[in-house]
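Reading the structure
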Amino acid sequence: MYDYFKGTLAFLRTDAAVVECGGVGYRLAVSASTHAKLSPLLGREATLFAYLAVREDAMELYGFSDETERALFIHLLSVSGVGPKAALSVLSTLPADRLAVCVAAGDAKAIASAPGVGVKTAQKIILELKDKLAKEFASGESLPDGVPSDGADDASDAVNALVVLGYSRAQALGALKGLDSALPLEIRIREALKKLY
């Protein structure tokens, strides 16, 4: 229904932002990382990508600084037992790039550090998102040179994490090319991100 709001950032607090568009102020719940990106824009024009959560008793808007964060929010909502508040809590604790790395690496402890998210929910997030992201970004493209075939699952996780962050498969494969496959998954993703920046 709503894709984004572009207007004057009229109000900002740690968990919400109000964007004035055409004389109407839209209040959107935001993550800590979106809040940090919005802080310098108070009183100026800002764009927030939106998600409308509809329940029996309420309709709530959620705002994101970029489409990648919104896409991960929507993926989190698809996990059974994870609602909008828990999804926002996860994204407040782990920015989008860090969350993608944690899911790919199976780091339930990091995800469980989000308020209101226990270890079982974190494990469910990893189980359901890892599979979902693998299906969504599956492709017949070959793995980068230097990645042994027995590390295919690990390499695929690294590629999927980079694709979730908005890079094409070709960019992800190029960035991973030449990196030591013995490095831990999280470090390889971080090194690939340095190349991409």
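The structure under discussion appears in the preceding block.
Summary of the structure given here. (Residues numbered from 1 in each chain as written. Predicted model: local features only at pLDDT ≥ 70, side-chain atom pairs only at ≥ 80, totals over all residues. Heavy atoms only, no water.)

With that out of the way, let us pick up the layout of surface pockets. The computed volume of the largest pocket comes to approximately 210 Å³. Every residue along the wall of the largest pocket is listed here: Thr14, Asp15, Arg27, Ala29, Val30, Glu60, Leu61, Tyr62, Lys85, Leu88 and Ser92. When contributions to the lining of the largest pocket are tallied by element, the ones reaching two or more residues are strand 3 (24-30), strand 5 (59-64) and helix 3 (84-93). Per-class residue counts for the lining of the largest pocket are five nonpolar, two polar and four charged. Space inside the second largest pocket adds up to approximately 180 Å³. Around the second largest pocket, the lining comprises 13 residues; the ones closest to its centre are Lys37, Asp66, Ala96, Asp97 and Leu165. (1 Å grid on protein atoms, 1.4 Å probe; cavity = no way out; pocket = protein on both sides within 12 Å on 5 of 7 lines; lining within 4 Å. Points joined across faces, edges and corners; volume = space filled by probe spheres on them. Helix = DSSP H or I, 4+ residues; strand = E, 2+ residues; numbered from the N terminus. Nonpolar A, V, L, I, M, F, W, Y, C, P; charged D, E, K, R; others polar.)

The next subject is the pairing of strand 1 (residues 4-13). Each regular strand carries side chains that alternate between the two faces of the sheet. Note: strand 1 against strand 4 (residues 45-54), five bridges, orientation antiparallel. By the bridge assignment, Gly7 is partnered in strand 4 with Ala46. Of the pairings in the sheet, the one linking strand 1 to strand 2 (residues 16-21) comprises five bridges and is antiparallel in character. Counterpart to Leu9 in the pairing with strand 2 is Val19. Between the end of strand 1 and the start of strand 2, which pair antiparallel, lie two residues. (Pairing = 2+ DSSP bridges.)

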